[in-house]
Amino acid sequence: MKAKDIMTQDVATVRGSATVAEAVRLMRLKEVRALIVEARDSEDAYGIVTETDVVAKVVAYGKDPKEVRVYEIMSKPCIVVNPDLSLEYVARLFANTGVWRAPVIQGDLLGIISVTDILNKGDFLENPKLAYLEQKLQQAISNARSAAANFGNDSKEATEAWDLVDEIEAEAGFYGLPKPEKTARELFFERPTQTVAVS
């Protein structure tokens, strides 16, 4: 599942010059926790203003929201997500940056994705990443063995196929697959060579 599959397409946007009071009214009206701050032109970056920004930077200091502008409290440029990024990577991006929502952008603003979207719309319960990787790993091992049988152990095709196996094994290890004593490639290349009996 990818970001574009679960993102919210109806994105609430606001100008950076708007007051925080206007932004809060828009958040309440749209029932959202964040607004995407519009880019001024094609060379400009998108920004984001969240309910946390309002509370931490305006309310906490007793500032008048009618006097503070969105550009004073927003994050810009903000973390953005590619629509084709898989949910695991979106979740990891959020975890690594401490961001909980981000605009989905590919040239233009396409939507917004949040941790709530991942939790409520994601397929991680039905299709955990580790089970998916285990399945992909078995298929990759089978393909690598076939490439070695068809083109030779040292062929470019076999080497690329085994490189893919190594890559999937490493990613599966990241997600918790127990690390074997020997990789699939090592096991394949240390197997005894079969001799054909001539009658």
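Here we summarise the structure given alongside this text. (Residues numbered from 1 in each chain as written. Predicted model: local features only at pLDDT ≥ 70, side-chain atom pairs only at ≥ 80, totals over all residues. Heavy atoms only, no water.)

Brief notes about the overall build of the protein
Helix and strand counts for the protein stand at nine helices and five strands. Along the protein, helices and strands appear, N-terminal first, in the series α-β-α-β-β-α-α-α-β-β-α-α-α-α. The C-alpha radius of gyration computed for the protein amounts to 25 Å, which surpasses the reference 16 Å derived for 199 residues by more than 25%, pointing to a less compact arrangement than a globule. Along the longest, intermediate and shortest principal axes, the C-alpha atoms of the protein span 95 × 35 × 25 Å. Expressed as a percentage of its 199 residues, the buried residues of the protein come to 34%. The long-range share in the protein, meaning contacts at least 24 apart out of those at least 6 apart in sequence, stands at 57%. Carbon and sulfur atoms make up 51% of the accessible area of the protein, which totals about 12,800 Å². The protein carries 24 positive and 31 negative side-chain charges, and their two centres are separated by 5 Å. (Helix = DSSP H or I, 4+ residues; strand = E, 2+ residues; numbered from the N terminus. Rg over C-alpha atoms; globule rule 2.2 N^0.38 Å. Buried < 20%, exposed > 50% of the residue type's maximum accessible area, 1.4 Å probe, protein only. Contact = heavy atoms within 4.5 Å. Areas by Shrake-Rupley, 256 points an atom, 1.4 Å probe, with all protein chains shown as cover. Lys, Arg positive; Asp, Glu negative; His and termini not counted. Charge placed at Lys NZ, Arg CZ, Asp CG, Glu CD.)

Points about helix α5 (residues 87-97)
When α5 is considered as a whole, its buried residues turn out to be L87, V90 and F94. Down the axis of α5, the smallest arc covering the buried residues is 60 degrees, so these residues share one side. The exposed residues of α5 that point more than 90 degrees off its buried face are A95 and N96. Contacts from the buried residues of α5 go to α1 (3-6), β4 (101-106), β5 (108-114) and α6 (115-121). (Arc of directions from axis to C-beta.)

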